[in-house]
Amino acid sequence: MTEKTDLAAAPAAEAIEAPPAVPVAKRVDFETTQVGRTRVDPYHWMKDDAWQEVMRDPSVLRADIREYLEAENAYTKARLEAPTADLRETLFQEMKGRIKEDDATVPEIDGPFAYYSRYREGGEYPIIARRDAADAFNPDADETILLDGDKMSEGADYFSFGSIDTSPDHSLIAYALDTQGSEFYTVTITNIETGKAAAQSISDSYGSFEWSEDGKSIFWVHRDENARPDAVYERNLDTGEDTLIYEEKDPGFFVGVSKSANREKIFVTSSNHTTSEWHWFDANAHNPTLHTIAPREDGVEYSAVVWDGQFYITTNSGGAVDFKVVRAPFDATSRDQWKDVIAHRPGTLILGLQAQNDYLSRMERENGLPRIVVRARTDGAEHEISFDEAAYDLGLDSGYDYDVPMLRFEYASPTTPDQVYDYDLNTHERILRKTREVPSGHNPDDYVSERVMAPSWDGVDVPVTLLRHKDTPVDGTAPMLFYGYGSYGITIPADFRTSRLSLVDRGFVYAIVHPRGGMAKGYQWYLDGKLEKKANTFKDFVAAGHFLVDKGYSAPDKVVAMGGSAGGLLMGAVSNMDPDLFAGIIAAVPFVDVINTMSDKSLPLTPPEWPEWGNPLTSAEDYDQIAAYSPYDNVTAQTYPAMFITGGLSDPRVTYWEPSKWAAKLRHDAPEGGPYFLKINMEAGHGGASGRFEGLKEVATEYAFALAAVGQVEDVDLTKD
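Calculation criteria
Residues numbered from 1 in each chain as written. Predicted model: local features only at pLDDT ≥ 70, side-chain atom pairs only at ≥ 80, totals over all residues. Heavy atoms only, no water. Helix = DSSP H or I, 4+ residues; strand = E, 2+ residues; numbered from the N terminus. Rg over C-alpha atoms; globule rule 2.2 N^0.38 Å. Buried < 20%, exposed > 50% of the residue type's maximum accessible area, 1.4 Å probe, protein only. Contact = heavy atoms within 4.5 Å. Areas by Shrake-Rupley, 256 points an atom, 1.4 Å probe, with all protein chains shown as cover. Domains from an automatic or database assignment. Buried area = accessible area lost by both parts, 1.4 Å probe. Salt bridge = Lys/Arg side-chain N within 4 Å of Asp/Glu carboxyl O. Polar contact = N/O pair within 3.5 Å; in protein donor to acceptor, adjacent residues only side chain to side chain. Nonpolar A, V, L, I, M, F, W, Y, C, P; charged D, E, K, R; others polar. Core = buried A, V, L, I, M, F, W, Y, C linked by side-chain atoms within 4.5 Å. Axes fitted to C-alpha atoms, helices over the stretch in contact; angles between N-to-C directions. Parallel < 35°, antiparallel > 145°, perpendicular 65-115°, else oblique. Left-handed = near helix turned anticlockwise from the far one by under 90°. Patch = residues over 30% accessible without salt bridge, like charges linked within 9 Å, V, L, I, M, F, W, Y side chains within 5 Å. Lys, Arg positive; Asp, Glu negative; His and termini not counted. Charge placed at Lys NZ, Arg CZ, Asp CG, Glu CD.

Under the annotation held in an unreviewed UniProt entry, the chain carries the name S9 family peptidase and is attributed to Hyphomonas adhaerens.

Caption draft 1: The arrangement of the overall build of the chain in detail. What the chain contains, in helices and strands, is 14 helices and 39 strands. In terms of overall size, the chain behaves like a compact globule, its C-alpha atoms giving a radius of gyration of 26 Å where 721 residues would be expected to give roughly 27 Å. Relative to its 721 residues, the chain shows a buried fraction of 60%. Considering only contacts within the chain whose residues lie at least 6 apart along the sequence, 57% involve residues at least 24 apart. For the chain, the exposed area adds up to about 27600 Å²; of that, 45% sits on carbon and sulfur atoms.

Caption draft 2: Local environment of the domain arrangement of the chain. Looking at the chain, the domain boundaries give domain 1 (30-96 + 447-710) and domain 2 (107-347). Taking only C-alpha atoms, the centre of domain 1 and the centre of domain 2 are 31 Å apart. For the pair domain 1 and domain 2, the summed buried area comes to about 2600 Å², and 49% of that belongs to carbon and sulfur atoms. Among the residues domain 1 hides against domain 2, the three largest losses belong to Arg-56, Tyr-523 and Arg-692. Together they make up 25% of the total. The shortest N-O distance in the salt bridge between Arg-653 and Glu-183 comes to 2.9 Å. Across the contact surface, domain 1 and domain 2 share 14 residue pairs in polar contact (both at pLDDT 80 or more). Every element with two or more residues in the side of domain 1 that touches domain 2 is listed here: α2 (51-56), α7 (523-527), α11 (606-613) and α14 (692-709). Looking at the side of domain 1 that touches domain 2 element by element, the count peaks at five residues for α11. For the side of domain 1 that touches domain 2, the class distribution of residues is 16 nonpolar, 10 polar and nine charged.

Caption draft 3: Representation of the nonpolar core within the structure. Ranked by internal contacts, the top residues of the largest apolar core, which has 117 residues, are Leu-481, Phe-482 and Leu-548. It is α14 that contributes the most residues to this core, 11 residues altogether. With residues near it in sequence (within four places) discarded, Leu-548 still touches Val-452, Val-464, Leu-466, Met-480, Phe-482, Ala-511, Tyr-553 and Ser-554.

Caption draft 4: Fine view of unusual backbone geometry. Cis geometry marks the peptide bond from Gly-674 to Pro-675; its omega dihedral reads 10 degrees. With respect to the helices, strands and loops of the structure, Pro-675 is situated in the loop between α13 (657-669) and β39 (676-681). Not every positive phi belongs to a glycine, and Val-35 is a case in point at roughly 40 degrees. By the secondary structure assignment, Val-35 is in the loop between β3 (30-34) and β4 (37-41). The exposure class of Val-35 is partly exposed, given its relative accessible area of 24%. Positive phi values are uncommon outside glycine, yet Asp-204 reaches one of about 55 degrees. Its place among the elements puts Asp-204 in strand β12 (residues 202-211).

Caption draft 5: A look at the packing of helix α4 (residues 85-97) against α14. Remark: α4 packs on α14, axes separated minimally by 8 Å, with the N-to-C direction vectors making an angle of 130 degrees. By the criterion of interaxial angle, the relationship of α4 to α14 is oblique. In this structure, α4 crosses over α14, and the sense of that crossing is right-handed. On the side of α4, the interface is formed by Leu-87, Arg-88, Leu-91, Phe-92, Met-95 and Lys-96, while α14 contributes Phe-693, Leu-696, Lys-697, Val-699, Ala-700, Thr-701, Tyr-703, Ala-704 and Leu-707.

Caption draft 6: Structural detail: a negative patch on the surface. Together, Asp-86, Glu-89, Glu-714 and Asp-715 make up a negatively charged patch on the protein surface. Along the polypeptide, Asp-86 turns up in helix α4. Take Asp-86: its relative accessible area is 67%, and that puts it in the exposed class.

Spelled out as structure tokens, the structure:
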């Protein structure tokens with residue numbers, strides 16, 4: 001083992017000299033007692049007491065914390081990044097070569113104009129533009145540039161647009177902008193013709209807003225000091241005054257705002273992961289009175305669209321686990337006034353509705369595969385839009401005005417680049433508007449995509465999506481990138497990602513596990529992977545790994561697991577459960593300090609997520625459930641695989657101290673494992689670098705680690721620290 005340096009006693013300069021010593025964080029016991037349980041956290045000091053200020057201004061980070069993070073970054077740079085510099089550059093150039101640099105989206109028609117975004121050659125950020133609707137699909141037509149992300153981002157270390165929308169008369173444009181990665185957005189309104197500010201900017205925004213239909217005000221979502229969306233205000237553009245429209249008193253509920261497709265109503269929503277409540281008002285109203293469609297009821301979710309002169313609502317009310325569709329008059333105030341339209345069908349999950357004047361489209365998922373079902377207003381007749389590949393991704397888009405009988409959808413599969421279709425709802429004709437170009441070349445026939453079912457610990461079949469090159473053998477010799485998430489009901493799509501090809505073309509099998517906790521097999525699949533059943537998520541992942549190894553897709557010394565955020569929790573849990581299954585683990589912004597985070601109600605996501613994980617502040621049972629799997633709390637003296645752990649200093653979702661504390665504890669409690677590489681982005685948040693190419697550099701580092709973990713990089717030794 002390399003000699004280690006105690007950062008509490010030595011200056012940072014000594015910790016980053018080459019060859020670098022392994023960073024060792026000081027230990028300061030911090031004792032907490034709650035619900036009759038006591039725990040001691042030796043790395044609590046890494047959480048800056050002024051973390052809210054750090055989110056907005058990272059320069060105020062406490063000096064000893066910064067010293068430790070910079071030493072970790074220096075160690076990772078010297079031990080991982082520097083030896084793989086050439087490989088990372090090769091990977092980056094490969095991935096960049098698969099991106100059409102001057103790409104553009106398919107224009108969306110809104111009244112007299114068609115709006116789209118595009119990139120210039122070499123550009124990092126999008127250009128937002130429009131042309132006349134009559135020339136919507138003529139790329140040579142004259143355009144007006146509304147926002148130029150490349151020019152606007154000059155001098156910024158981080159740059160990200162939130163919502164962007166023009167006023168109903170198309171004379172003004174409002175856009176939300178985050179230049180820190182903290183997800184505190186500023187909304188700016190400018191005159192399109194003059195380019196000058198048309199109103200005072202709006203700070204402390206969540207990044208979402210809607211225009212009043214007369215264009216005189218904006219209804220925007222406020223973000224409070226704890227980074228939660230807690231209220232909707234109306235900004236009068238003439239006076240600059242804000243009027244409170246709705247304020248959520250329960251910190252466990254997040255607020256949102258949206259407009260109906262026919263532009264008649266504005267919705268104000270409040271929800272957590274399992275309960276929702278929708279309010280509405282007329283889109284022409286000012287200082288409006290809100291009407292509630294139905295009061296919140298614990299465990300009942302619903303969402304509404306306006307169609308055929310009433311509300312059409314997707315809901316799990318009445319025990320409809322996989323949701324049903326009901327309708328209600330505009331003056332409805334309770335669920336007693338709801339009438340079933342599409343009955344609940346167990347195993348067929350209704351994901352959402354999209355309304356157009358004469359048609360109502362809904363997205364469904366059955367047996368892990370999505371489809372679109374279209375319903376006609378005149379007679380209620382329905383027909384499906386589906387595809388035949390073993391695994392694919394399908395998504396609805398807006399694309400057209402409410403009165404135009406055209407539906408836009410996007411299709412992709414692990415082997416098929418994204419395609420955008422316009423679908424004539426009257427004739428059922430599919431019009432292919434765009435196929436994603438891969439400039440360096442891509443032949444779908446060179447790849448094999450499969451969907452297999454892996455038996456879990458209790459006999460339940462877990463879906464796994466596989467992608468490999470046709471020449472990659474299934475004989476146990478191939479390395480495998482083993483990806484998973486499994487929380488919040490989120491289902492990782494079977495989509496097309498050009499970056500994956502850099503591993504697949506090097507002989508990797510790319511596997512995506514769809515464990516319980518997502519909704520690949522319906523809403524019950526989600527319920528069976530949360531709260532007291534959370535261990536199913538981890539067991540599903542491990543069982544799927546062993547199944548794929550047994551079937552010859554890979555071998556334990558060639559499996560690199562990967563997950564981010566709550567998928568990082570999955571990585572931490574499975575590394576504790578079965579470290580011998582993996583040659584390496586990539587944990588991106590990992591949610592690993594679960595018991596401490598769920599006990600800190602000041603953090604942005606804690607109260608809204610108690611229905612997902614449990615509340616250890618009030619329930620001893622919840623405390624024990626979380627403590628049983630919380631990765632940080634369950635690190636033991638075993639031989640963990642090599643790990644690459646990342647975080648973002650201004651991340652409001654998974655705070656920087658979670659991955660930092662975990663890495664420190666792994667080093668202290670499991671010194672024979674690893675090595676453990678920690679990389680904290682000091683200038684970004686949850687999503688990492690903001691530019692489209694800068695983001696690829698981060699992916700290149702992850703993939704270089706994966707290649708090193710399976711022995712394909714001679715200059716990197718991942719067998720020891």
